[in-house]
Every structure is written in C-alpha cells, then in structure tokens.
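# Descriptive structure summary
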Amino acid sequence: MADAVSVDWEALLAEARRMTGHAYVPYSGYPVGAAALVDDGRTVSGCNVENAGYGVTLCAECGLVSELAKTGGGSLVAFVCVNKAGDVIMPCGRCRQLLHEHAGAGFVIRTPQGDLPWEDVLPQGFGPQDLERVRP
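The notes below deal with the structure included here. Just so you know, these numbers come straight off a predicted model, no measurement behind them.

## Focus on the nonpolar core
Of all hydrophobic cores here, the largest spans 19 residues; its most connected members are V44, L64, L76, F79, L99 and W118. At the level of secondary structure, the elements contributing two or more residues to this core comprise β1 (33–38), α2 (60–70), β3 (76–82), β5 (103–111) and α4 (118–121). When residues of this core are assigned to their parent elements, the largest contribution, 4 residues, is made by α2. The residues contacting L76, other than those within four sequence positions of it, are A36, L37, V38, V44, L64, L68, L99, H102, A103, G104 and F107. Listed in part, the 11 residues of the second largest apolar core include V77, V80, V82 and V108.

## Considerations on the pairing of β5
Across 3 bridges, the pairing between β3 and β5 is parallel. Within the sheet, the bridge partner assigned to A78 lies in β5 and is V108. Judged from the 4 bridges that link them, β5 and strand β6 (residues 114–117) form a sheet pairing that is antiparallel. Paired with T111 across the strands is G114, a residue of β6.

Criteria and thresholds
- Residues numbered from 1 in each chain as written.
- Predicted model: local features only at pLDDT ≥ 70, side-chain atom pairs only at ≥ 80, totals over all residues.
- Heavy atoms only, no water.
- Core = buried A, V, L, I, M, F, W, Y, C linked by side-chain atoms within 4.5 Å.
- Buried < 20%, exposed > 50% of the residue type's maximum accessible area, 1.4 Å probe, protein only.
- Helix = DSSP H or I, 4+ residues; strand = E, 2+ residues; numbered from the N terminus.
- Contact = heavy atoms within 4.5 Å.
- Pairing = 2+ DSSP bridges.

That is the geometry; function is a separate question.
Laid out in structure tokens, this is it:
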C-alpha cells in the first residue's frame, strides 16, 4: 500500500479540511473536501459544488480528478475525504468508480475504519480493462 511514495496523511487531511471551506453547498449545508497524493508527489484536491438541479451536483472527488487531469495526470497513490467537522468519510459509490479509474497500483484510502487498500473498498471494480475485453 503506497510503498513507493511516503504518504503524509496529516498533510492530506489538512488539505481536505481546508477544501471544505471552498465548498459551495447552499442546499445541503454539507461541505466535503478531498485530497490525494499523486505518484509524482503532487497533491490534488477538490470540494463539492452543489447545483439547484441536484443530479448535476459535483462531489469533491470530481474536482480532485479534474485537478489531476489539469495538472498533468498520473495515478493516485493515497486519498482521503472529510466532512465539515473534519471527520474522515467514505466516498459515495459514483465517486468510488471515478477514483478507480485513476487509482495506481497500491492505491490506499483513509476510511473511518482506518487505511485500506483500494481492492477492499471497491473489489472487482469495473475499469478500462473490462472495455478492452469486448472491443473488436
């Protein structure tokens, strides 16, 4: 789990907590901040952005993955997300799929139950390899 790169969990938690202050949550009042370490040592982060059309609300993980792409791509090594109180929370199912697409080998997530390897969070995740199996 994240052996190749040293994970500074306190720094990731601090960044995730900082990001809750940037969240736009006029409807739920539930800010979420997320931060992740990239395989090249960068930290990427995001916050949730709500919309009056609830179905198009962007989770914090969406912003994080967008920043990942914007700043050069790479693979995620370690991830954490928090609520307004700074408590570690789990990503929703949609965001687990989003993170799966960008997870590197050994990706680890901090959860309310401790640090877990990604395979324990999203076992048998669907990804690009599944699409390759059916392409002509």
